[in-house]
Amino acid sequence: MTLAHQKPSETAQTEVPEGHVRLTIDGQEVIAPKGELVIRTAERMGIVIPRFCDHPLLDPAGACRQCLVEVSMGGRPMPKPQASCTITVADGMEVKTQLTSPVADKAQKGVMELLLINHPLDCPICDKGGECPLQNQAMAHGRTDSRFVDRKRTFPKPLKISTQILLDRERCVLCQRCTRFSQQIAGDPFIDLLERGAQQQIGTSETAELEKSASHTPDGTPFQSYFSGNTIQICPVGALTSAQYRFRSRPFDLVSSPSVCEHCSSGCAERTDFRRGRIMRKLAGDDPDVNEEWICDKGRFAFRYTTARDRIRKPLVRGEDGELHEASWPEAMRLAAEALLKARDGKGIGVLTGGRLTLEDAYAYQKFARVAARTNDIDFRARAHSAEELQFLAAQVAGTTPEHVSFASLEKAPIVLCVAFEPEDEAPIVFLRLRKAARKMGTRVAFVGQWTTSSVRKTSGELLACEPGGEAAALDGIAEHAKDIVEALSAEGAVILVGERAATMPGLFAAVQRLAERTGARVAWIPRRAGERGALDAGAVPTLLPGGAPVTDAGARAALEKLWRLPEGSLPAEPGRDTAGILAAAAAGELDALVVGGVDPDDLPDPRAAREALDKVGFVLSLEMRPSAVTERADVVLPIAPTAEKAGTFRNWEGRDRPFEVTLQNTGAVPDCRVLDTLAVEMDVDLFTQTPKAARADFVRAANSVTRPAATPVEAAPEAEQAKAETNGHVKLSTWRQLIDNGSLQVEEPHLAGTARPAVLRLNEATAQRHGIVPGEPATIRTERGELSFPAEIADLPDDVVWVPSRSPVGVYEALGVGHGGLVQLSAGTAAGAESAEGPAGETGGAA
Amino acid sequence: MADTASKTDPLTPVLTKRWLSPKSWRLATYEQLEGYTAIRKALRMTPEEIVELVKEAGLRGRGGAGFPAGVKWSFMPQNEDKPHYLVINADEGEPGTCKDVPLMMADPHSLIEGCIIASYAMRAHRCFIYVRGEALHCIRRLNSAIREAYAAGYLGKNILDSGFDLDITVHAGAGAYICGEETALLDSLEGRRGQPRLKPPFPAAAGLYAKPTTVNNVETIATVPYIINGGADWFRSMGTEKSPGPKIYSISGHVERPGQYEAPLGTTLRQLLEMAGGMKDGIPLKFWTPGGSSTPLLTAAHLDVPLDFEGAAEAGSMLGTTAVMVFNETVSVPWAVMKWTKFYEHESCGKCTPCREGTYWLAQILERLVEGRGTEEDIETMLDVCDNILGRSFCALGDGAVSPIQSGIKYFRDEFVALCEANKRELVGASA
């Protein structure tokens, strides 16, 4: 008795912190922050209340009623059981869950029985069987048998709501997680509830038409969302499945391995599930700091390239007949080393790495270039680039950490200004955060661009429209035409996000830096590819050493020479050439060899010149996974491991390291760093990058041994002459890559390809009328080099500006020879030689 | 009680007093019969005074739940930081209920005048009347009455030089019972799928377009002008202490003269039957609902239950919408319950599991029972399923759906059991 009295008085002494309340759950006292949902408080205490519709990242719905508990307030019981996923904690609240309340227990068992009356119970053939919340909770909290003996509701199945997502409506428990996700998180409300009562079902405007229901619409839209795959993962039953994975495996046959996405620069946590050496599926990992619990469809579904039929698994050497032949590693290595040694002692070697390397591999490439090839001619930028960009990256980006700008700081920012950056296409998870920030925190999102894209719309963003190429001037003049934005940028926490496409807009990086200096806003650079940020920090650029010190810094060179045990003065002191410079030098016969890892010439501003350079240069060593435009021209091809078959680190745009281990063990594939290490040994040089672990340790030592100089101002590149030239009846081109296009990592996944946004040419109404272009009908843009046709679509672009996707499927650079800001002729109708427009597509498709 | 006994005439035509006048729906008729006199008075009062008066009068919501209207109005914020909305629930869909449509047909201006006063009291400048889509004739009549009111200066800018502005919009529903639930109504009015919203936030905090909103029934608002003119004491002279005022009882079914009978709250079925000319053809009463199919049914034993909010509750039912459906001895209770249950199955919105799945299940069991293919176990299962729906569903639709079943079995279990007679399990070997 004394004990019973003492206990409450003891706990009563614990102070309730400000903004918190004291309540009891199942008799246990707990202090919880105000506003917390009872179901979460219980979970923190280890009391699991069953649930279906509840999801911590979605707004509460209270639809499934599975989480009912008994609640008393100040000793007065509430008349009905309450849904613990919608009721927030309150002072003096007493909650009894199924563990202590027979009422709650009966309510939960009752709901479970009701959920199962119309469920087919086809677990043995369901993808979800074995990892199904309905199955698990029915076992844990349900009745042992059902009293339902009548007719179950059925539907034709499955319903294809996109090329990737299949819907089995009879399995659905109508928790609305998928519709809430699409509406709230992704902003793509293409799926919704249709009908009512037991006939209520998930559907799209297309399926509504199919069912001839009241919500009949003349032309339906499928579930066209970049994030649709998340709905499969959060579906608590097997109602949503993917065409890619359906009937392929059972969860208990899979081995799961934590991994990191290799596609964009967000660095999402993933879980890779494989069986017998093959990846079966990828799921979103849970990382609140980065991707929360979401990934984009590209990250989820684009992994079939690892098992592509044409993957290169053995070294290839070009024979006398001009064809590539399989060769042994030692032979290929010997041939490559000999040729490279000769080239090094001749006119030199250039190294092009591409943007998809891990930090470790990029480090190995730059060390190979500086130590084995004895050159600073190395550049990771296999895309449009500029000297201005490199200055900006050196001054503003290299070496920054998430403390500078992170996903979390986007949520806290009063304003985020996106410059030359279309987040949904270029870094989808950044887009989700921006949308969340706008939706939940009231963050203003502004875009410097050409038209109201879906990113603008779905972040409730403001568009600062300008002509393509006029971005720098728009930023410089922002104080006049958008004073409120400058004021907002001057507030604490404001962020400017600049995309890699800024390199195609002369003067823009300098303008961004000026704006940042004027306002105090923080700047972050968000490239498209996973490896770009790591390559920059690893020093895979012509002007910077690992750790961001300039190559011209004698002290830094000396430190590295000491660390790398090189003779004093052996590291090259002159800044090297950039990608364009290396290719020009190769074409002009000023280089004897190129070492190329993962570069697609079609990504470069002048693909033809790049191919020409590869043709002309004496020796090409290609490190590749699959045949490409580079391997076609290579003398030696060395196969390297895809992400799933190696360990490494992607440094994401925040500067956050995203390390991962080998998923598929013992496939025989080797990472770039090991290939380069062995090759260097053949050249009688030690790189000490045999393993990603060794490479990383070496990188950390190198980065710590140099000092990054203080930021220097960025000099604006001279504006391209074309931009100033009289337009002369031409229109200006705006372009970027859509998330899902003909990228080489998206091969052999037709279901994903089917969800790509249709390639259209966008222009405003006046421009369309002037050129006699009818929406929906084809329109053509042409230059002296070639032409491209797309169906026209009206959007709010400036006059005389058109937008087309960069590689959906034809490469704009390849077909037209111009990029963003370029001048093109516009006309109605298809290209004169419709086949010629298809031509490069076929070629790039093969090469990419 | 002494004072109820003193009321000699059981009929108290207040809301219905103009219904039999020629062209009762025209503005001229309304004005002739003291129409639009209340707003002149009301617009000279402060909004707070009106709310206080309605509170004093004790007007309770006529849509079924009986929440005090003045208290509801007082939840609206006193400032005008955001637009305020008054929404009239005219989505009359409860089986048996047929009071609002006749009221709007016969005397639309009384609703409009009520809307003006209520909007003024709640500082709303936009009022929506959400009318059941099937009642097209009613929508036309309301619209034409609103046009008349605009032309006469009762609506629009600066009403009667008071400085108060109000616009009224009539919105047609699309035929869903659930849209009579106030938050589903708001979703539907916003152009969304009509399903109930989570509360809190309550409409007074975030209702239509997330702005402060009050949703009231047609009859509630139409009563307000009479309270303004007659005062609280006059209003309280009718009805009971806790349920004051007159009420339109809609009597349907097996009576001689079905129709609308306006009588003080607290009138009994016995009195109502007298007004309606007694049971049709003299066939005795078997069961009845006091306020629509969602209110548990009652029997001949309940003829003297005072039909006010407290009396109906005491008898184990609810007053609901005072839609008195009367059934004589020719009607099978399981059959009637089955029909009602099929209505709820058809109208369940599908949002929450208990109502969506439960009504689907119950309808099948009842159909089976009525066809003679049920067992006594089914009756127990039904009661247990009802128990798993009642108070477990998202909104009150689920609660309403189980009322006929629970009350039907409570009073007429033998009828259900009789239907199962044929399927009684024989003892194994008993026939040998």
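These figures come from a predicted structure and were not determined experimentally.

(A) The arrangement of the domain arrangement of chain A in detail. All names here are of chain A. You can read the domains of chain A as domain 1 (8–115), domain 2 (150–253), domain 3 (330–383 + 533–705), domain 4 (388–527) and domain 5 (726–836). Each of domain 2 and domain 4 was reduced to a C-alpha centroid, and the two centroids are 35 Å apart. Taken together, the contact between domain 2 and domain 4 spans eight residues of the former and eight residues of the latter. Here domain 2 meets domain 4 over a buried area of about 710 Å², counting both sides, of which 54% is carbon and sulfur. A per-residue breakdown of the area domain 2 buries against domain 4 is headed by Gln184, Tyr226 and Phe227, which together make up 61% of the total.

(B) Main features of the packing of helix H22 (residues 579–587) of chain A against helix H23 (residues 607–616) of chain A. Residues and elements named next belong to chain A. Two elements in contact, H22 and H23, have axes whose closest approach is 8 Å; the angle formed by their N-to-C orientations is 50°. With respect to each other, H22 and H23 are oriented oblique. Where H22 crosses over H23, the two elements pack in a sense that is left-handed. Between H22 and H23, the contacting residues are Leu583, Ala586 and Ala587 on the first element and Ala610, Ala613 and Lys616 on the second. Per-class residue counts for the contact of H22 with H23 are five nonpolar, no polar and one charged.

(C) Unusual backbone geometry, seen in detail. All names here are of chain B. In this structure, the amide linkage connecting Lys199 to the following residue, Pro200, adopts the cis form with an omega of -10°. In this fold, Pro200 is placed in the loop between helix H9 (182–189) and helix H10 (203–206). In this structure, Pro201 follows Pro200 across a cis peptide bond, with omega equal to 5°. Examined against the element boundaries, Pro201 turns out to sit in the loop between H9 and H10. The phi angle at Leu160 is positive, at roughly 50°, despite the residue not being glycine. The topology assignment puts Leu160 in the loop between helix H8 (136–151) and strand E3 (167–172). Looking at Leu160, the relative accessible area reads 30%, which means it is partly exposed. The residue Asp161 is not glycine, and still its phi comes out positive at about 60°. Tracing the backbone shows Asp161 in the loop between H8 and E3.

(D) Structural context of the sheet that holds strand E23 (residues 522–526) of chain A. Residues and elements named next belong to chain A. Strand order in the open sheet formed by five strands is E21-E20-E19-E22-E23, with parallel pairing between adjacent strands. Strand pairing shows two members of the sheet lacking a second neighbour, strand E21 (462–465) and E23, which therefore form its edges. Averaged over all pairs of adjacent strands, the angle between their axes in this sheet comes to 20°, without regard to strand direction. Relative to strand E20 (residues 444–449), strand E19 (residues 415–419) runs parallel, the two sharing five bridges.

(E) Structural context of the interface of chain B and chain A. Between chain B and chain A, the contact holds 33 residues from the first and 37 residues from the second. When chain B packs against chain A, the two sides together hide about 2,900 Å² of surface, and 49% of this comes from carbon and sulfur. When residues of chain B are sorted by the area they lose upon contact with chain A, Tyr360, Trp361 and Arg392 of chain B head the list and together hold 23% of the total. Where chain B touches chain A, the interface holds six salt bridges.

(F) Here's a closer look at the packing of helix H3 (residues 102–117) of chain A against helix H4 (residues 133–141) of chain A. All names here are of chain A. Running from N to C, H3 and H4 point in directions that differ by 135°, and their axes come no closer than 10 Å. One way to sum up the angle between H3 and H4 is to call them oblique. Judged by the sense of rotation from one axis to the other, the crossing of H3 with H4 is left-handed. Note on element contacts: H4 touches H3 through Leu134, Gln137, Ala138 and His141, opposite Gln108, Lys109, Met112 and Leu116. Here the residues of the contact of H3 with H4 are counted per class, giving four nonpolar, three polar and one charged.

(G) Layout of the pattern of salt bridges. Residues and elements named next belong to chain A. Under the definition given, this model contains 104 salt bridges over all chains. A salt bridge links Arg656 to Glu654; its shortest N-O distance comes to 2.8 Å. Of the two residues, Arg656 and Glu654, both sit in the buried class. Each of Asp379, Arg381, Arg383, Glu389, Glu500, Arg529, Glu532, Asp600, Asp603, Arg737, Asp741 and Arg807 takes part in a single network of salt bridges with overlapping partners.

(H) Examining the packing of aromatic side chains more closely. Residue and element names in this part refer to chain B. Tallied over the full model, the rule gives 24 aromatic pairs over all chains. Relative to Phe128, the ring of Tyr85 has its centre 5.9 Å away and its plane inclined at 55°; by these criteria the two rings are tilted. Taken together, the residues Tyr85 in strand E1 (residues 85–90) and Phe128 in strand E2 (residues 126–131) connect sequence positions 43 residues apart. Classification of Tyr85 as buried rests on a relative accessible area of 13%. Where Tyr120 meets Phe164, the ring centres are 5.2 Å apart and the plane angle is 80°; that geometry is what we call edge-to-face. Remark: Phe164 occurs in the loop between H8 and E3 and Tyr120 occurs in helix H7 (residues 108–122); sequence separation between them is 44 residues.

(I) A look at the domain arrangement of chain B. Residues and elements named next belong to chain B. As assigned here, chain B comprises domain 1 (34–236), domain 2 (246–328) and domain 3 (333–431). Listed as interface residues are 13 residues of domain 1 and, on the opposing side, 10 residues of domain 3. Both faces combined, the contact of domain 1 with domain 3 buries some 910 Å², and carbon together with sulfur accounts for 71% of it. Area buried by domain 1 at its contact with domain 3 is led by Tyr177, Ile178 and Pro196, which between them contribute 52% of it. At the surface where domain 1 touches domain 3, the tally comes to three residue pairs in polar contact (both at pLDDT 80 or more). Taken together, the residues of the side of domain 1 that touches domain 3 break down into six nonpolar, three polar and four charged.

(J) Geometry of the pairing of strand E25 (residues 619–624) of chain A. All names here are of chain A. In terms of residue burial, E25 counts as a mostly covered element, since six of its six residues are buried. Bridge analysis of strand E24 (residues 593–597) against E25 gives five bridges, and the strand direction is parallel. Bridging from a neighbouring strand, Val596 pairs with Ser622 of E25. Handedness of the E24-H23-E25 crossover: right-handed. Sheet analysis places E25 next to strand E26 (residues 636–639), joined by four bridges and oriented parallel. Residue Leu623 lies in a different strand from E26, and its bridge partner there is Leu638.

(K) Molecular detail of the pairing of strand E6 (residues 93–96) of chain A. Residue and element names in this part refer to chain A. Going residue by residue along E6, you find Met93 and Val95 tucked away on one face and Glu94 and Lys96 left uncovered on the opposite face. Across two bridges, strand E1 (residues 20–25) lies against E6 in parallel orientation. Bridge pairing in E6 links Thr24 to Glu94. As defined by bridge partners, strand E3 (residues 68–73) adjoins E6 across four bridges and the pair is classed as antiparallel. Looking across to E6, one finds that Val71 is bridged to Val95.

(L) Highlighting the nonpolar core. All names here are of chain A. Formed by 100 residues in total, the largest nonpolar core has its most connected members in Leu340, Phe368, Phe392, Leu417, Leu475, Ile496 and Leu621. For this core, the element with the highest residue contribution is helix H10 (residues 359–372), accounting for nine residues. When residues of this core are assigned to domains, at least three map to each of domain 3 (330–383 + 533–705) and domain 4 (388–527). In terms of nonpolar packing, the next biggest core, distinct from the first, is built from 96 residues, Ile87, Ala239, Phe421 and Ala427 among them.

(M) Fine view of the side chain of Arg281 of chain A. Residues and elements named next belong to chain A. As for its placement among the helices and strands, Arg281 is situated in strand E14 (residues 278–284). Judged by relative accessible area, Arg281 falls into the buried class, the value being 8%. At 2.8 Å, the side chain of Arg281 and the side chain of Glu131 are in polar contact. Excluding residues that lie within four positions of it along the chain, Arg281 makes contacts with Glu131, Tyr245, Leu254, Arg271, Thr272, Asp273 and Phe303.

(N) Broad picture of the sheet that holds strand E12 (residues 255–260) of chain A. All names here are of chain A. Spatially, E12-E13-E14 is the arrangement adopted by the three strands of the open sheet, whose pairing is antiparallel. Of all the strands in the sheet, just E12 and E14 have a single pairing partner and so form its edges. Looking at each pair of strands side by side, their axes are set apart by 30° on average, direction ignored. Sheet topology places E12 next to strand E13 (residues 269–275); six bridges connect them, and they run antiparallel. By the bridge assignment for E13, Ser256 is matched with Asp273.

(O) Spotlight on helix H25 (residues 692–705) of chain A. Residue and element names in this part refer to chain A. Here H25 is 14 residues long and its end C-alpha atoms lie 20 Å apart, about the 20 Å a rise of 1.5 Å per residue gives. All of the buried residues along H25 are Pro692, Ala695, Asp698, Phe699, Ala702 and Ala703. Angular distribution of buried residues about the axis of H25 spans 130°; they occupy a single face of the element. Among the exposed residues of H25, those oriented more than 90 degrees off its buried face are Lys693 and Asn704. In this structure, the buried side of H25 is in contact with H10, helix H20 (532–538), helix H21 (554–563), strand E27 (648–651) and helix H24 (672–682).

Parameters at a glance
- Residues numbered from 1 in each chain as written.
- Chains lettered and ligands numbered in written order.
- Predicted model: local features only at pLDDT ≥ 70, side-chain atom pairs only at ≥ 80, totals over all residues.
- Heavy atoms only, no water.
- Domains from an automatic or database assignment.
- Contact = heavy atoms within 4.5 Å.
- Buried area = accessible area lost by both parts, 1.4 Å probe.
- Axes fitted to C-alpha atoms, helices over the stretch in contact; angles between N-to-C directions.
- Helix = DSSP H or I, 4+ residues; strand = E, 2+ residues; numbered from the N terminus.
- Parallel < 35°, antiparallel > 145°, perpendicular 65-115°, else oblique.
- Left-handed = near helix turned anticlockwise from the far one by under 90°.
- Nonpolar A, V, L, I, M, F, W, Y, C, P; charged D, E, K, R; others polar.
- Buried < 20%, exposed > 50% of the residue type's maximum accessible area, 1.4 Å probe, protein only.
- Pairing = 2+ DSSP bridges.
- Salt bridge = Lys/Arg side-chain N within 4 Å of Asp/Glu carboxyl O.
- Phe/Tyr/Trp six-rings, centres within 6.5 Å; stacked < 30°, edge-to-face > 60°.
- Polar contact = N/O pair within 3.5 Å; in protein donor to acceptor, adjacent residues only side chain to side chain.
- Right-handed = clockwise from strand over helix to strand, strands pointing away.
- Core = buried A, V, L, I, M, F, W, Y, C linked by side-chain atoms within 4.5 Å.
- Expected span 1.5 Å × (residues − 1).
- Arc of directions from axis to C-beta.

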